[in-house]
Amino acid sequence: MTLGGYRVDNEAPHINVTHLSVAYRDQRILKDVSMTVPGGRVLAVIGPSGCGKSTLLRVFNRLVDRVSGVHIKGQVQVGNFEVIGDHVDLVELRQKVGMVFQHPNPFPFSVFDNVAYGPRLQGVKNSNRLRLLVENSLKQASLWDEVRGKLRRPASSLSGGQQQRLCIARALAVSPQVLLMDEPTSALDPLSTAKIEELVLALKGRYTVILVTHNLQQAARVSDFTAFFREGHLVELGPTKEVFTTPRRSATEEFLTGRYE
Amino acid sequence: MTVHQKNLRTERVQHGLFLAAAALLIAVGFAFWGTLGWGTLRFFLQHGLNRTILGLRYHPIQGEFGLLPFIAGSLSVTLIAVVLAYPLALSVAVTATMVLPHRWLPAIRQTVGSLAAIPSVIFGWWGLAMVVPLVRKLGGGTGFSVAAAGIVLAVMIVPTLSLLAIHAAMRVPERWVEGSLALGATPDQTLGRVVLQSIRAPLAEAGIVAVGRALGETMAVQMVIGGQTFFPHNVFAPGATLTSEILNDIGLLPPGAFGHHVLDVMALLLLLAMYGLVLLVERIGGREIG
Amino acid sequence: MFFLQWWIAIWLSQRGILERSAHIAISGSSALLPVIKEELPRWEARHPEVRVSVTGGGSWAGLAAVSQGRADIGMSDIVPPEAMSRGMLGYPLGRLPVLFIGNRHIGVNQVSQPQLEQLLAGDIGNWRQVGGANAPVVVVSRPLSSGARFMTERRILKGRSVSPRAIIQLSNGALYKTVISTPGALGYVEWRPDLKGVVVMAVGSSRFDLRRGDRWPYYTEPTLYVRKSAPAIVKQLAADLSRSPAKAQFGLYPAQP
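About the cut-offs
Residues numbered from 1 in each chain as written. Chains lettered and ligands numbered in written order. Predicted model: local features only at pLDDT ≥ 70, side-chain atom pairs only at ≥ 80, totals over all residues. Heavy atoms only, no water. Helix = DSSP H or I, 4+ residues; strand = E, 2+ residues; numbered from the N terminus. Contact = heavy atoms within 4.5 Å. Phe/Tyr/Trp six-rings, centres within 6.5 Å; stacked < 30°, edge-to-face > 60°. Buried < 20%, exposed > 50% of the residue type's maximum accessible area, 1.4 Å probe, protein only. Lys NZ or Arg CZ within 6 Å of the ring centre and 35° of its normal. Buried area = accessible area lost by both parts, 1.4 Å probe. Salt bridge = Lys/Arg side-chain N within 4 Å of Asp/Glu carboxyl O. Pairing = 2+ DSSP bridges. Domains from an automatic or database assignment. Nonpolar A, V, L, I, M, F, W, Y, C, P; charged D, E, K, R; others polar. Polar contact = N/O pair within 3.5 Å; in protein donor to acceptor, adjacent residues only side chain to side chain. Axes fitted to C-alpha atoms, helices over the stretch in contact; angles between N-to-C directions. Parallel < 35°, antiparallel > 145°, perpendicular 65-115°, else oblique. Left-handed = near helix turned anticlockwise from the far one by under 90°. Patch = residues over 30% accessible without salt bridge, like charges linked within 9 Å, V, L, I, M, F, W, Y side chains within 5 Å. Areas by Shrake-Rupley, 256 points an atom, 1.4 Å probe, with all protein chains shown as cover. pLDDT = per-residue confidence, 0-100.

**Q** Hey, could you run me through the side chain of Ser-29 of chain C in this one?
**A** With respect to the helices and strands, Ser-29 of chain C occurs in the loop between strand 1 (22-28) and helix 2 (33-46). In this structure Ser-29 of chain C touches Gly-58, Ser-59, Met-75, Ser-76 and Asp-77 of chain C, once residues within four positions along its chain are discounted.

**Q** How should the packing of aromatic side chains be read in this particular structure?
**A** Working definition: an aromatic ring pair is given by the centre-to-centre distance plus the angle between the planes. Counting across every chain of the model gives 12 aromatic pairs over all chains. Between Phe-43 of chain B and Phe-44 of chain B the ring centres are 5.5 Å apart and the planes differ by 75°, which places this aromatic pair in the edge-to-face class. Given the relative accessible area of 1%, Phe-43 of chain B is considered buried. Relative to Trp-216 of chain C, the ring of Phe-208 of chain C has its centre 5.8 Å away and its plane inclined at 85°; by these criteria the two rings are edge-to-face. Under the relative-accessibility criterion, Phe-208 of chain C is labelled buried at 16%. A relative accessible area of 3% places Trp-216 of chain C in the buried class. An aromatic cluster of at least three residues, connected via ring pairs, comprises Phe-43, Phe-44, Phe-65 and Phe-258 of chain B. Just above the ring of Phe-107 of chain A sits the side chain of Arg-170 of chain A; from NZ or CZ to the centre is 4.3 Å.

**Q** Any chance you could explain the interface of chain B and chain C here in plain terms?
**A** A common way to express how large an interface is: the accessible area buried when the components associate. Counting from both sides, the interface comprises 22 residues of chain B and, opposite them, 24 residues of chain C. The three residues of chain B that bury the most area against chain C are Gln-228, Phe-230 and Leu-252 of chain B, which together make up 21% of that side's buried surface. Here chain B is connected to chain C by 0 salt bridges. Counting residues per element, the ones that place at least two in the side of chain B that touches chain C are helix 4 (120-139), helix 9 (219-225) and helix 10 (242-249) of chain B.

**Q** Quick question: what am I supposed to make of the pairing of strand 5 (residues 42-46) of chain A here?
**A** A regular strand places its side chains so that they alternate between the two faces of the sheet. All names here are of chain A. Of all 5 residues that make up strand 5, 5 are buried, and the element is covered over most of its length. Judged by which residues are buried, strand 5 turns out to be covered on both faces: Val-42, Ala-44 and Ile-46 on one side and Leu-43 and Val-45 on the other are all buried. Sheet topology places strand 5 next to strand 11 (residues 225-230); 4 bridges connect them, and they run parallel. Its bridge partner being in strand 11, Ala-44 is matched across the sheet by Thr-226.

**Q** Please explain the domain arrangement of chain C as it appears in this structure.
**A** Residues and elements named next belong to chain C. When cut into domains, chain C gives domain 1 (2-95 + 222-250) and domain 2 (96-215). On a C-alpha basis, the centres of domain 1 and domain 2 stand 31 Å from each other. In this assembly, 11 residues from domain 1 lie in contact with 11 residues from domain 2. Taken together, the two surfaces of domain 1 and domain 2 that pack against each other cover about 830 Å², and 58% of this comes from carbon and sulfur. Where domain 1 meets domain 2, there are 0 salt bridges. Residues belonging to the side of domain 1 that touches domain 2 are distributed by class as follows: 6 nonpolar, 3 polar and 2 charged.

**Q** Honestly, the interface of chain B and chain A in this entry has me stumped. Any pointers?
**A** Taken together, the contact pairs 20 residues of chain B with 23 residues of chain A. Among the residues of chain B in contact with chain A, Glu-178, Ala-182 and Leu-183 of chain B are the three that bury the most area, contributing 34% of the side total. Seen at the junction of chain B and chain A, the total is 2 salt bridges. A salt bridge links Arg-58 of chain A to Glu-178 of chain B, with the shortest nitrogen-to-oxygen separation between them at 2.7 Å. Put simply, chain B and chain A have 5 residue pairs in polar contact (both at pLDDT 80 or more) between them.

**Q** What is the right way to look at the sheet that holds strand 13 (residues 223-227) of chain C in this model?
**A** As a general point, the strands of a sheet are linked pairwise by backbone hydrogen bonds and lie either parallel or antiparallel. All names here are of chain C. The 5 strands lie next to each other as 2-1-3-13-4, forming an open sheet whose pairing is mixed. Edge positions in the sheet fall to strand 2 (50-57) and strand 4 (88-92), since each of these pairs with one other strand and no more. Neighbour-to-neighbour, the strand axes of the sheet open up by a mean angle of 20°, direction not taken into account. Against the sheet, helix 2 makes contact with strand 1, strand 2, strand 3 (73-76) and strand 13, and its axis sits at roughly 175° relative to strand 2, the strand it touches most. Of the strands in this sheet, strand 1, strand 2, strand 3, strand 4 and strand 13 touch helix 8 (residues 232-242), which is tilted by about 175° from strand 13.

**Q** Mind showing me how you'd approach the packing of helix 3 (residues 105-116) of chain B against helix 5 (residues 146-170) of chain B here?
**A** Working note: a packed helix pair is described by the angle between its axes plus the distance between those axes. All names here are of chain B. Running from N to C, helix 3 and helix 5 cross one another at 150°; their axes reach a closest spacing of 8 Å. By the criterion of interaxial angle, the relationship of helix 3 to helix 5 is roughly antiparallel. Along this stretch, helix 3 crosses helix 5, giving a crossing that reads as left-handed. Taken together, the residues of helix 5 that come into contact with helix 3 (itself represented by Leu-105, Ile-108, Arg-109, Val-112, Gly-113, Leu-115 and Ala-116) are Pro-159, Thr-160, Ser-162, Leu-163, Ile-166, His-167 and Met-170. Of the residues in the contact of helix 3 with helix 5, the class split is 9 nonpolar, 4 polar and 1 charged.

**Q** Would you take a moment to explain the environment of Gln-95 of chain A for this structure?
**A** With respect to the secondary-structure elements, Gln-95 of chain A resides in helix 2 (residues 90-96). Separated by 23 residues in the primary sequence, Gln-95 of chain A and Gly-118 of chain A have C-alpha atoms spaced 8.5 Å apart. Beyond its immediate sequence surroundings of up to four residues, Gln-95 of chain A is in contact with Gln-122, Val-174, Ser-175 and Pro-176 of chain A together with Leu-183 of chain B.

**Q** Teacher, can you tell me more about the pattern of salt bridges here?
**A** It is possible for side chains of opposite charge to pair when their charged atoms get near one another. Using the criterion set out here, one finds 21 salt bridges over all chains in the structure. Put simply, Arg-46 of chain C and Glu-39 of chain C hold a salt bridge, and the shortest N to O gap is 3.9 Å. The network of salt bridges with shared partners includes Asp-113, Arg-120 and Arg-152 of chain A.

**Q** Explanation requested: a nonpolar patch on the surface in the structure shown.
**A** Side chains of Trp-33, Leu-272, Tyr-275 and Leu-279 of chain B sit close together on the surface and give an oily, nonpolar patch of about 390 Å² of accessible area. Accessibility expressed as a relative area gives 45% for Leu-272 of chain B, which makes it partly exposed.

**Q** Can you walk me through the environment of Leu-247 of chain B in this structure?
**A** By the secondary structure assignment, Leu-247 of chain B is in helix 10. We classify Leu-247 of chain B as partly exposed; its relative accessible area is 24%. Put simply, Leu-247 of chain B and Thr-2 of chain B are 245 residues apart on the chain and 58 Å apart in space, counted from C-alpha to C-alpha. Discounting residues that sit within four places of it in the chain, Leu-247 of chain B has contacts with Thr-218, Met-219 and Gln-222 of chain B together with Leu-170 of chain C.

**Q** How should I be thinking about the sheet that holds strand 12 (residues 233-239) of chain A in this particular structure?
**A** Residues and elements named next belong to chain A. The mixed open sheet is built from 6 strands, whose spatial order is 8-9-10-5-11-12. Here the strands that pair on one side only, and so sit at the sheet edges, are strand 8 (97-100) and strand 12. Sheet twist, expressed as the mean angle between neighbouring strand axes with direction ignored, is 20°. Relative to strand 12, strand 11 is paired through 6 bridges, and the arrangement is antiparallel. Residue Thr-226 lies in a different strand from strand 12, and its bridge partner there is Gly-238.

**Q** Before we go on, may I ask you to explain the packing of helix 4 of chain B against helix 7 (residues 172-181) of chain C in this structure?
**A** Closest axis-to-axis distance for the helix 4 of chain B/helix 7 of chain C pair is 11 Å, and the angle between their directions is 30°. If you check the angle between helix 4 of chain B and helix 7 of chain C, you find them roughly parallel. The interaxial crossing formed by helix 4 of chain B with helix 7 of chain C has right-handed handedness. Between helix 4 of chain B, through Trp-125, Leu-128, Ala-129 and Arg-136 of chain B, and helix 7 of chain C, the contact on the second element is made entirely by Gly-173, Ala-174, Lys-177, Thr-178 and Ser-181 of chain C.

**Q** What exactly am I supposed to notice about the confidence of the model for chain A here?
**A** It should be kept in mind that the predicted coordinates are not to be read in detail where pLDDT is low. Summarising the model, chain A shows a mean pLDDT of 89, and 95% of its residues fall at 70 or more. Overall, residues 1-9 of chain A carries pLDDT values under 50, and its contacts beyond four positions in sequence, including any with other chains, amount to 13 contacts.

This is the structure:
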């Protein structure tokens, strides 16, 4: 099956958004957004501050529910899984859709216990299995070589960049199909940023990644598709190369050339 | 005089005042330990080590100074109080910080704080009217008992303990909670495995403060425990604590009276217990979140 | 602001000390505090040069404080031992009745003195044994330092001690409340204006009558003690307080001649 010319990986589902609107009380954050993200690809979401891109991310794993007075309309599907609705199994959803936050947020536990947190929630108790899962996840997050033999150290002893990769490993340990990344490098130095970007490229194919970023070069470097949001509207979505070189909308071009922030 | 010179002088005066206050506090502390230590020493010189701390019979007029019943009383009352109060305070803290809307938090803290300021004699009267009859129904006997004292104390320390637990829970950053939920944890799992787990140290500290408060409480305990000098063989039996017995006997054994120094021994025991608790708090407090 | 108030308070009290040269300390039985506090302002108005402080602490503490010179006047409803009383003068205030009260449901309102003795000592364990309801006797007592207990053990118990299984309450009020709410309770209280909710026991042929309280045979004799060597003004104060007209409203009946 192909979608927009790209082969869809069976493991990594596509994401369908249909007429999605989100409001907090009277304030409308997202306005009638419809889009499709092909499976196994990286979608960069860009746009000025307050355009609704973080809210969009938090709709995908329903973390947006934590805000009181929020209203969601429309439909979101991750593969065949309906995300919006009162009877959605949030635990199942969040095991499918992992998230990495803007600021590294490891728990105040050891490196090992951080990565093992998700699997333990799912009832994995066997210590050999846990060790294997932790090792694999840390390898996938290219942190293994730096922390092997130090798994019992507190996560807070790692550097900021290492902590963020630890959080990625922690998310991967639950075997998600989708990875949401909310400006994951905004709090990191250039070297750590480069490592995370490499990692995102390496994850491509196995996971559908939605990357919210302020860093346009980053969007250009790692994403296959780019979506530009402004004032709650999806202005433009297309292959990253096209959006960056020949934007179809003037608003996109103005944003990309830095005419407004 | 320039402003700068003035500031310097003010600072010197302030410095001197703080130093004087600290010195006074230390002096008072030493005087306290010294007085009680001296009294204890004199007690043992006068009455010997026999029939004292580890004795079971207490009759100061007849020269019997067994303190074991009161030590047992203090320990069991404190244990009951903390075991009852701790889960309650924890649920108050969790409800206040995690369940209810955040804008309610200041009001809850004020309310709980004002409860913590109720004088203990009020709790004593309340215990006499409500708790003693309740314990009588539950356990038979007169109701005046170690259990009644423990329950009254539990109610007394819940506000303090809740306040400390609320403060601890407020220190848990939102991003840990979100991180846990995003991994597919239920709110209950997040509470148990992240929130409470991460504030174990301050919660233990709060517990120790509560133990200290319970151990030192006098008036409310005296009014409901029955004041008997026998070893309390079960929780529904009347008894006495070190503090309540000091209160009972302080009128009987004024300074200079035969046996007066047994009060010093009891007070020193309490002081030592408190000191041990303070050391424990410091050891736990050394381990920080993070 | 706080410090300012603090200093003003200290300054004012300093002035007070300077202006009034004499200071008299009263200490002892809290049972006497109300009557002393009622009379004292009038006396101080007549003697502006004297400052008087009053503290409780119990009869024994009051007696010890006077004999050791830590207080000038000791309030006590306990008769001091011979060794103590030798150097002291006593100013009696009269008789303060001690009443034996029982819980409402004991089914008894009169006992003989030997019965009362056995009840208080713990020898009689059930009200049935004295013709009352089938309920265990729960003795409620004041601590050893109490004057009412001192009198009870001397007059009723003939020197024996109140049952060691007695519930101990520190204050008259708490003891009264305990007898009201504890089934089978028996205790003793110093005179108080309100005795609702309890059975006031007749002992032998004596029945307490509020108007004829001076006829009731069980009472303490609260007395103000001063050292024989005390200054005249201290003796004056003790004598004046012991003659206070306020005594009647606190249950202090004049002693029979």
